[in-house]
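Listed below are the residues making up each chain.
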Amino acid sequence: MDVLTQRRSYSTQQIDQKSQELKELSFQIWSHPETCYNETHAHEVLTSFLEKEGFVVERNFIHQTGFRATFGTSNGVNVCVICEYDALPEIGHACGHNLIAECGVAAGIAIKAALEKAPNKHGKVTILGTPAEEGGGGKLKMIEAGVFDDIHVALMAHPCPHNIPRPPLLAKQEVQITFTGKPAHAAAFPWQGVNALDAAVMCYQAISVMRQQFKPTWRVHGIFTNGGVKPSIIPDKAELQYYLRAPTVLELEELKSKFEGCVQGSALLAGCQVSYKYDTGYLDLVTNQHLASLYEKHATAQGLVFTTDKSVEQNESASGDIGNVSQVIPTIQPGYSIYTSESNHTRGFREAAGSDRAHLATLTQAKILALTALDLIFDDNDKTLQAIQEEFKATFSSR
């Protein structure tokens, strides 16, 4: 057995040896769901665990609930593994972010172990705790702060119903719409009012009708967040919240143009004023193909079988601020099965994310990410990293 094979074996053994501790870490997060920017418990258990494991930990990093944990030297390859740990309102960890956190920590521990076995080797692992993926855009502020400037590649794995090595993540824009009318007594003097709720209802219906002209890869979905205060009062304010998604930012702009026509037309028909504000924007995920191939090599060796059904990949497309990271440095975010037919953002998926099978699947993913990282750190000629970086430059020079 050669030296690199020994290091790989030693690295993955560390994950197995800490399986119970990692399971408890995941359960601590799963059983205490916290929404975006409120992840104080998750922040505490994750940073305490990493300090115990010998990482240099920076708490409250960029965000109050963000962190950075590092090990190694700065004059080699710096591999970043990303943790997410925020939950959804009401349905908890229905996107499995407790598992993403467990995976990032476990992979980081394995990479650190390999570096310790090679004390003369220059290299670094960075475990980045990124809060508020579910709408808060925690990674965006980290990008703005230059956190990724000295990092060579970013790795993250996301639980879902299937094994998908190169999932499509759509560009996403959130928008808040406010219609403003005029109040009046709904029974005595309704003709004196201007009904903002009517405008909102027409807007919702117009967008639904417009779907006939949407491309199959576009996604538009929304809710009413304010429909008035009492039936006897003509609503003078009504509000909607929508998410718009498309495969690229350019297509998203095309979608926004159609969407805004529905909004403005509805206000005109109801005689209302309207304003709309776009919030956090997520870019599409640009998977680095060389990096993904490394991942696939180790995943196959670990016994993973990837779905070959392209419709499954398309149907499981979502969005995330990892897309923004992928347009700053080479990135992968494979999806991995936790053995459930329930889709993400459901109560059924939440229960699956707290299961023993999900924990074991996550440990396997952590091993794959760690082995992928070691291919870069222990490549003495840096040819692999060079190919990854050249692909990244070529991808964005043509955009």
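Reading the values: rules and limits
- Residues numbered from 1 in each chain as written.
- Predicted model: local features only at pLDDT ≥ 70, side-chain atom pairs only at ≥ 80, totals over all residues.
- Heavy atoms only, no water.
- Helix = DSSP H or I, 4+ residues; strand = E, 2+ residues; numbered from the N terminus.
- Rg over C-alpha atoms; globule rule 2.2 N^0.38 Å.
- Buried < 20%, exposed > 50% of the residue type's maximum accessible area, 1.4 Å probe, protein only.
- Contact = heavy atoms within 4.5 Å.
- Areas by Shrake-Rupley, 256 points an atom, 1.4 Å probe, with all protein chains shown as cover.
- Lys, Arg positive; Asp, Glu negative; His and termini not counted.
- Charge placed at Lys NZ, Arg CZ, Asp CG, Glu CD.
- Pairing = 2+ DSSP bridges.
- Core = buried A, V, L, I, M, F, W, Y, C linked by side-chain atoms within 4.5 Å.
- Expected span 1.5 Å × (residues − 1).
- Arc of directions from axis to C-beta.
- Polar contact = N/O pair within 3.5 Å; in protein donor to acceptor, adjacent residues only side chain to side chain.
- Axes fitted to C-alpha atoms, helices over the stretch in contact; angles between N-to-C directions.
- Parallel < 35°, antiparallel > 145°, perpendicular 65-115°, else oblique.
- Left-handed = near helix turned anticlockwise from the far one by under 90°.

J.: Honestly, the overall build of the chain in this entry has me stumped. Any pointers?
T.: Along the chain, the regular secondary structure elements total 13 helices and 12 strands. Taken over C-alpha atoms, the radius of gyration comes to 23 Å for the chain, in line with the 21 Å a tight globule of 399 residues would show. Its C-alpha atoms give the chain principal-axis dimensions of about 85 × 45 × 40 Å. The proportion of buried residues among the 399 residues of the chain is 53%. In the chain, the proportion of contacts linking residues at least 24 apart, taken out of those at least 6 apart, comes to 80%. Carbon and sulfur atoms provide 51% of the accessible area of the chain, an area that totals close to 17,000 Å². Here the chain carries 34 positive and 44 negative side-chain charges, and the mean point of each set is 1 Å from the other.

J.: Even after reading the chapter, I still don't get the sheet that holds strand β3 (residues 77-83), so can you show me in this structure?
T.: The strands that make up a sheet pair up through hydrogen bonds in the backbone, lying either parallel or antiparallel. In space, the six strands of this open sheet follow the order β1-β2-β4-β3-β5-β11, with mixed pairing throughout. Single-partner strands in this sheet number two, and they are β1 (56-59) and β11 (331-332). For strand β2 (residues 67-72) and strand β4 (residues 123-129), the ladder comprises six bridges, and the chain directions are antiparallel. Pairing of Thr70 across the sheet is with Thr126, part of β4.

J.: What is the right way to look at the nonpolar core in this model?
T.: A general feature of soluble globular proteins is that nonpolar side chains tend to end up buried together. Counting residues in each nonpolar core, the largest one holds 63 residues, and the members touching the most others are Leu46, Val105 and Ile111. Residue contacts for Leu46: discarding those within four places in its chain leaves Leu25, Ile29, Phe67, Tyr85, Ala101 and Val105. If you look at the next biggest cluster of nonpolar residues, it comprises 25 residues, including Ile207, Trp218, Ala267 and Cys272.

J.: Explain helix α6 (residues 196-210) to me, please; I cannot follow it from the model alone.
T.: For α6, built from 15 residues, the straight-helix expectation of 21 Å at 1.5 Å per residue is met to within 8% by its first-to-last C-alpha distance of 21 Å. Inspection of α6 places Ala196, Ala199, Ala200, Cys203 and Ile207 among the buried residues, and these make up the whole buried set. All buried residues of α6 fall inside an arc of 100° around its axis, so they share one side. Two or three places before Leu197, at the opening of α6, Asn195 has a side-chain oxygen 2.8 Å from that residue's backbone nitrogen.

J.: Quick question: what am I supposed to make of the packing of helix α2 (residues 19-30) against helix α3 (residues 40-52) here?
T.: Axes are the key here: two packed helices are described by the angle between their axes and the distance separating the axes. Direction vectors running N to C along α2 and α3 enclose 160°, while the axes themselves pass 9 Å from each other. With respect to α3, the axis of α2 lies roughly antiparallel. Here α2 runs over α3; the crossing is right-handed. Mapping the contact onto sequence places Glu21, Leu22, Leu25, Gln28 and Ile29 in α2 and His41, Ala42, Val45, Leu46, Phe49 and Lys52 in α3.

J.: Explanation requested: the environment of Arg219 in the structure shown.
T.: Locating Arg219 in the fold gives a position in strand β8 (residues 219-226). Considered as a pair, Arg219 and Thr280 are 61 residues apart in the sequence and their alpha carbons are 16 Å apart. At 2.6 Å, the side chain of Arg219 and the backbone oxygen of Pro216 are in polar contact.

J.: Please clarify how the environment of Glu239 should be interpreted in this entry.
T.: Within the secondary structure, Glu239 is located in strand β9 (residues 237-246). In this structure the C-alpha to C-alpha distance between Glu239 and Cys272, which are 33 residues apart in sequence, comes to 12 Å. Not counting chain neighbours up to four residues away, the residues in contact with Glu239 comprise Ile177, Thr178, Ile223, Phe224, Thr225 and Asn226. Of the polar contacts made by the side chain of Glu239, one reaches the side chain of Thr178; its length is 3.4 Å.

J.: Explain unusual backbone geometry to me, please; I cannot follow it from the model alone.
T.: The residue Tyr37 is not glycine, and still its phi comes out positive at about 70°. Tracing the backbone through its elements, the reader meets Tyr37 in the loop between α2 and α3. Even without being glycine, Asn60 reaches a positive phi, approximately 50°. In this structure, Asn60 sits in the loop between β1 and β2. Take Asn60: its relative accessible area is 39%, and that puts it in the partly exposed class.

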